[in-house]
Amino acid sequence: MTGAKDRMREKKMKNQPRNVTYTSSGRGAGRGQGSQVCGWVRGHQAGGHGYSQDLPKYITASYFAKARAAEVSAMLKAVSKPAASCHVFNALPKHMRRRAMSHDCKRLPTRLREGALRLAERSQRAADKQKKPVPKSRSRRARRRHGNLLLEFNRRQKKNRWLETHIWHSKRFHMLKTWSFCVPLKPTAKSFRASYRAMNTHALLQDLSYYCCLELRGSEDQILRALARLTNKQTGRTFAAVSCLSGARQGMLQLYKADRFPQGALGPAEFLWRPRAPDAAHRQLWIWLHPALKQEVLAELLLVCVCSPAVSVSEDLHPEADTAEKKRKMRDEGDTGPPSKRMLGDGTRPAGAPVRWESTDTHITISDLTMEIVRFRLIGPLAHTVLTDTLRPASEMWSGEDESLHQQQTHTFQRLRGVCSTAELPAGCVLGLTVDDPRLTLPQKRGKTVPDLQPSTEEDGVRDLRLRGVAAHCSQSSLWDESIRECVTRDRLSDQELNRRRSDLLVPGSRLSSSSAVPVLLVHQAGRVCGEERRHWGSGWDLLLPKGWGMAFWVPLVYRGVRVGGLHMSVKHSQLMGQPHFPHDYPDCPAGERFQSEQESELLENFKRRPPSKRTNYIKHGCLAPFRCPWQQLTEEWEELVSLSEATGSSRDEMPFTVLRSLKELRLLSGWIRRRLRLRVTPDPALARLRVTPDPPLTPAAAAALQKEFRRSLLWVRLRLLSKGQPALHAMVCVPTTSDLQLLRADGHCSGPQEPRHTDHPRARSDPADPERREPVLRGVCPPPFPRVVSHCSRPVLGWVTQGDFSLTSGCGEALAFISLTGLTHTLLTQPQDQRGLVLLRNPASLQYRFAQISLDT
């Protein structure tokens with residue numbers, strides 16, 4: 001019974017005030033030992049001095065009732081007259097309360113109806129004062145009407161512009177809002193291996209319409225003279241390349257700020273010249289840029305071409321860009337007009353920005369054609385087969401077009417069927433063509449295009465196409481003419497009209513007659529052109545169309561069995577080809593710096609989301625920079641380590657770091673790393689023979705000269721693990737010691753050495769009173785400024801990985817990294833000749849080093 005009494009007393013004490021306690025003798029007290037008297041005690045009992053536990057001998061009823069009269073009166077008033085949010089239903093016992101009373105006051109007793117009505121009226125008046133009248137929402141059927149739906153689409157893409165295939169992608173892809181566009185990132189389903197198989201054996205389709213196009217018109221000499229200030233011959237091709245100047249090839253180059261080489265790197269660009277016309281005095285040039293690069297390049301173009309705005313607002317060239325605003329004004333004024341069209345324009349420039357610039361000195365005109373041309377990319381060995389199966393040469397031509405030229409282009413296009421793989425064609429060849437609407441030949445069911453195994457009837461033509469590519473005059477296309485592009489966009493049949501014509505056919509399923517001819521451009525992508533492995537892997541075709549025709553070509557291509565990829569597969573495609581991807585692998589460019597800042601914020605935010613017990617302690621793993629790589633500090637420390645600063649008299653704040661892109665020095669370093677002879681082709685085409693030329697030997701004098709000239713340069717390299725392992729982002733590239741190389745020589749399959757665990761010293765937390773220490777210090781992350789990054793670990797750090805993963809093409813872990821040029825040459829001098837180029841790779845969250853081989857593709 002003692003336990004039951006204790007539980008009952010604890011239940012009674014549950015709702016008592018804090019100053020009221022109940023003493024008990026406890027559960028272990030026996031009867032014969034004399035139990036302590038229990039009682040209620042009020043007040044604190046600290047120190048043993050408290051109130052008496054004995055009950056009073058007597059109380060006076062009148063005084064006791066008078067002391068409690070105020071409390072009883074307040075309680076009765078609160079129950080009888082509820083205030084604030086209290087209901088009159090609290091005055092009823094629980095067994096009489098009903099939910100229906102809140103809707104019908106007549107269900108209450110008569111004595112409470114008046115108070116309930118007053119409470120309801122007061123609540124209604126308060127709601128009318130605070131809340132605005134909510135308009136009646138339209139039905140879903142009204143919202144899904146074509147005009148209202150397009151108005152809603154235009155409103156949603158005010159900040160981030162949609163591609164023409166946005167709705168198709170949004171149903172199947174994760175979308176990413178970046179660079180003022182909504183770009184498809186990756187499919188919602190698992191499809192990485194399927195996409196890789198498509199690139200390897202069939203075709204992968206991507207929408208690259210967010211790439212920006214700048215058009216230059218003017219004299220060829222004036223254009224080349226102006227653009228020569230933005231490029232340098234040491235990095236490769238320029239705008240004056242002979243193979244590209246005729247218009248038969250597309251070129252790729254590296255842009256710099258005007259007269260700033262090797263400093264002031266901007267980023268890569270693709271360019272395409274319009275083929276020369278016999279009676280034309282001016283040339284036309286298209287420059288294709290990444291949207292993160294557009295503003296910097298445009299500013300430099302206006303500087304070197306001495307151009308000023310020629311058009312006040314963007315709607316002069318893009319009348320459809322402001323249709324949503326016009327529709328809103330018409331609706332506000334009570335005017336009823338046709339429903340707004342979907343936006344077709346650019347999202348990289350603000351409203352009212354100019355789209356055309358002219359120069360009175362150089363007579364050069366610059367036009368912004370961003371999103372005026374749709375660009376699709378097909379990657380894979382059967383990309384040409386998909387195109388020949390989807391496109392049909394037009395049966396009717398535009399007025400003014402050359403019929404004989406169209407016939408030659410048609411024959412060249414048909415010869416593509418005799419080519420086994422896209423990689424057999426010359427890199428960058430261009431084919432102009434005019435085709436019918438591909439919706440007219442849309443198959444009934446989705447299938448997979450297969451190559452034609454029948455021998456071609458034009459073996460000589462196919463062989464000539466493989467060797468020489470497309471002729472320069474066949475690269476001409478009406479897509480270059482702005483008037484024709486606008487006319488083609490305006491005359492496009494809607495899907496509704498096309499389906500109505502199909503329903504009117506006498507024979508269901510027969511082909512409709514063509515009503516419009518669409519000019520297109522087919523641009524060949526070379527794929528992997530550097531290195532000795534997997535040559536021309538990842539080659540394909542780019543399909544250029546007038547705006548408004550995106551979905552008309554997209555769906556027929558998808559029906560040919562291609563796999564669709566997003567931005568994630570573009571990064572993987574560059575990684576598998578062993579080429580840098582913009583802006584991920586351009587740390588010396590403004591766009592690359594912005595990308596690194598955004599990536600750092602994203603990685604740090606993901607790190608903070610994890611519980612403290614689940615976070616990686618990067619300090620204990622010896623990783624100073626898990627979120628962003630300090631490239632400037634790396635180059636400065638290696639410069640001090642090899643004593644270059646004393647020899648050159650430079651200081652830490654004089655020169656920023658750069659990325660080495662000079663082909664001559666890259667070939668020299670590649671020869672030092674590969675340790676074998678290289679075949680060189682003599683520049684004289686008359687001497688069609690190969691000669692074997694040994695690379696210049698690696699000597700301390702040659703290394704010192706290279707270090708002095710490029711003392712703060714980074715080198716972009718490719719790493720391949722010699723054993724198991726998977727490189728991660730920002731993995732450290734370190735220099736192996738002599739004992740490490742001896743360990744590898746003794747056992748070629750050894751895993752590698754281990755990094756000793758570091759100590760995470762306790763640091764003072766942030767102090768709100770101290771303005772210099774208001775930033776919180778995360779446990780396990782070293783706050784900037786960093787200590788010496790080169791000598792922080794047991795092995796000197798050469799650089800960091802920017803992209804890394806398990807490569808399906810080579811069957812091992814591969815990574816793309818930037819390392820210090822000074823550190824690499826210093827390391828090569830200390831390594832044996834048969835082990836040159838061996839480094840150690842360690843992930844940020846691991847203590848295990850892995851052996852890797854450096855390769856420099858030129």
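As shown above, the structure is provided for reference.
Residues numbered from 1 in each chain as written. Predicted model: local features only at pLDDT ≥ 70, side-chain atom pairs only at ≥ 80, totals over all residues. Heavy atoms only, no water.

### Thoughts on the overall build of the chain
Part 1 of the argument: A count of helices and strands for the chain gives 25 helices and 26 strands.
Part 2 of the argument: Expressed as a percentage of its 858 residues, the buried residues of the chain come to 47%.
Part 3 of the argument: Taking as baseline every contact in the chain between residues at least 6 positions apart, the subset at least 24 positions apart corresponds to 74%. (Helix = DSSP H or I, 4+ residues; strand = E, 2+ residues; numbered from the N terminus. Buried < 20%, exposed > 50% of the residue type's maximum accessible area, 1.4 Å probe, protein only. Contact = heavy atoms within 4.5 Å.)

### Notes on the pairing of strand β8 (residues 265-273)
Part 1 of the argument: In terms of burial, β8 is a largely internal element, nine of the nine residues being buried.
Part 2 of the argument: Strand direction decides the pairing type here: strand β7 (residues 251-256) and β8, joined by six bridges, are antiparallel. Bridging across to β8, L253 finds its partner in A269. (Pairing = 2+ DSSP bridges.)

### Details of the side chain of K294
Part 1 of the argument: Examined against the element boundaries, K294 turns out to sit in helix α10 (residues 294-305).
Part 2 of the argument: Side-chain polar atoms of K294 contact the side chain of D368, separated by 2.5 Å. (Polar contact = N/O pair within 3.5 Å; in protein donor to acceptor, adjacent residues only side chain to side chain.)

### Details of the packing of aromatic side chains
Part 1 of the argument: Taken as a whole and judged by the stated rule, the model has 17 aromatic pairs.
Part 2 of the argument: For the ring pair Y256 and F261, a centre distance of 5.0 Å and an interplane angle of 85° mean the geometry is edge-to-face.
Part 3 of the argument: The class for Y256 is buried, based on a relative accessible area of 2%.
Part 4 of the argument: The partly exposed category is assigned to F261, whose relative accessible area is 26%. (Phe/Tyr/Trp six-rings, centres within 6.5 Å; stacked < 30°, edge-to-face > 60°.)

### Section: the sheet that holds strand β14 (residues 430-436)
Part 1 of the argument: A sheet is described by the order of its strands in space; here six strands give the open sequence β14-β15-β16-β13-β5-β17, paired in mixed fashion. Only two strands of the sheet have a single partner each, and these edge strands are β14 and β17 (563-564).
Part 2 of the argument: With two bridges connecting them, strand β5 (residues 204-207) and β17 associate as parallel partners. Across the sheet, residue L204 finds its bridge partner in β17, namely R563.
Part 3 of the argument: Contacts between helix α15 (residues 482-490) and the sheet are confined to β13 (373-379), β15 (517-525) and β16 (540-546), with β15 contributing the most and set at about 115° to the helix. (Axes fitted to C-alpha atoms, helices over the stretch in contact; angles between N-to-C directions.)

### Thoughts on a nonpolar patch on the surface
Part 1 of the argument: A cluster of nonpolar side chains, contributed by V72, M75 and L76, occupies part of the molecular surface with about 280 Å² of accessible area.
Part 2 of the argument: Mapped onto the elements, L76 comes out in helix α2 (residues 61-80).
Part 3 of the argument: For L76, a relative accessible area of 51% translates into the label exposed. (Patch = residues over 30% accessible without salt bridge, like charges linked within 9 Å, V, L, I, M, F, W, Y side chains within 5 Å. Areas by Shrake-Rupley, 256 points an atom, 1.4 Å probe, with all protein chains shown as cover. Salt bridge = Lys/Arg side-chain N within 4 Å of Asp/Glu carboxyl O.)

### Concerning α15
Part 1 of the argument: Taken together, the buried positions of α15 are I484, R485, C487, V488 and T489.
Part 2 of the argument: Buried residues in α15 make contact with β9 (283-289), β13, β15 and β16.

### Quick word on unusual backbone geometry
Part 1 of the argument: With an omega dihedral of 5°, the bond running from F261 to P262 counts as a cis peptide bond.
Part 2 of the argument: For P262, the location among the structural elements is in the loop between β7 and β8.
Part 3 of the argument: Non-glycine residue H363 carries a positive phi angle of around 60°.
Part 4 of the argument: Structurally, H363 is set in the loop between β11 (356-358) and β12 (365-368).
Part 5 of the argument: On the basis of relative accessible area, H363 is assigned to the exposed category, the value being 56%.
Part 6 of the argument: Unlike most non-glycine residues, M371 shows phi in positive territory, near 65°.
Part 7 of the argument: Examined against the element boundaries, M371 turns out to sit in the loop between β12 and β13.
Part 8 of the argument: On the basis of relative accessible area, M371 is assigned to the buried category, the value being 9%.

### Description of the environment of C793
Part 1 of the argument: Summarising the element assignment, C793 is placed in the loop between α24 (738-746) and β23 (797-807).
Part 2 of the argument: Separated by 170 residues in the primary sequence, C793 and C623 have C-alpha atoms spaced 8.2 Å apart.
Part 3 of the argument: If sequence neighbours within four positions are ignored, C793 has contacts with G622, M732, E755, H758, R842 and Y849.

### Observations concerning the sheet that holds β8
Part 1 of the argument: Here we have seven strands laid out as an open sheet, ordered β7-β8-β9-β6-β12-β11-β10, and antiparallel in their pairing. Among the strands making up the open sheet, the edge pair consists of β7 and β10 (308-309).
Part 2 of the argument: For strand β6 (residues 212-218) and β9, the ladder comprises seven bridges, and the chain directions are antiparallel. Within the sheet, the bridge partner assigned to G218 lies in β9 and is R283.

### Focus on α24
At 3.6 residues per turn, the α-helix brings residues three or four places apart onto the same side.
Part 1 of the argument: Within the span of α24, buried status applies to D740, L741 and L744. Here the buried residues of α24 occupy an arc of 95° about the axis, which is enough to place them on one side. Residues T738, Q742 and A746 are exposed on α24 and point more than 90 degrees away from its buried face.
Part 2 of the argument: Against β25 (838-842) and β26 (850-855) lie the buried residues of α24. (Arc of directions from axis to C-beta.)

### What about the pattern of salt bridges?
Part 1 of the argument: Scanning the entire structure with this criterion turns up 38 salt bridges.
Part 2 of the argument: Of the charged contacts in the structure, one is a salt bridge between R500 and E497, with a shortest N-O distance of 2.5 Å. Taken together, the residues span about one helical turn, with R500 and E497 both in helix α16 (residues 495-503) at a distance of three residues.
Part 3 of the argument: With relative accessibility at 41%, the residue R500 sits in the partly exposed group.
Part 4 of the argument: One salt bridge connects R718 with D857, and the closest N-O pair in it is separated by 3.2 Å.

### Side note on the environment of L567
Part 1 of the argument: Tracing the backbone shows L567 in helix α18 (residues 567-577).
Part 2 of the argument: Since its relative accessible area comes to 10%, L567 is described here as buried.
Part 3 of the argument: In this structure the C-alpha to C-alpha distance between L567 and P184, which are 383 residues apart in sequence, comes to 6.2 Å.

### What to know about the pairing of β13
Part 1 of the argument: Among the seven residues of β13, seven are classified as buried, and the element is accordingly described as predominantly covered.
Part 2 of the argument: A two-sided burial pattern is seen for β13, the buried positions comprising I373, R375, R377 and I379 on one face and V374, F376 and L378 on the other.
Part 3 of the argument: As judged from the four bridges shared by β5 and β13, these two strands associate in the antiparallel manner. Bridge assignment links L204 to a residue of β13, and that residue is I379.
Part 4 of the argument: Examined bridge by bridge, β13 and β16 share seven bridges and lie antiparallel to one another. Bridging across to β16, L378 finds its partner in W541.

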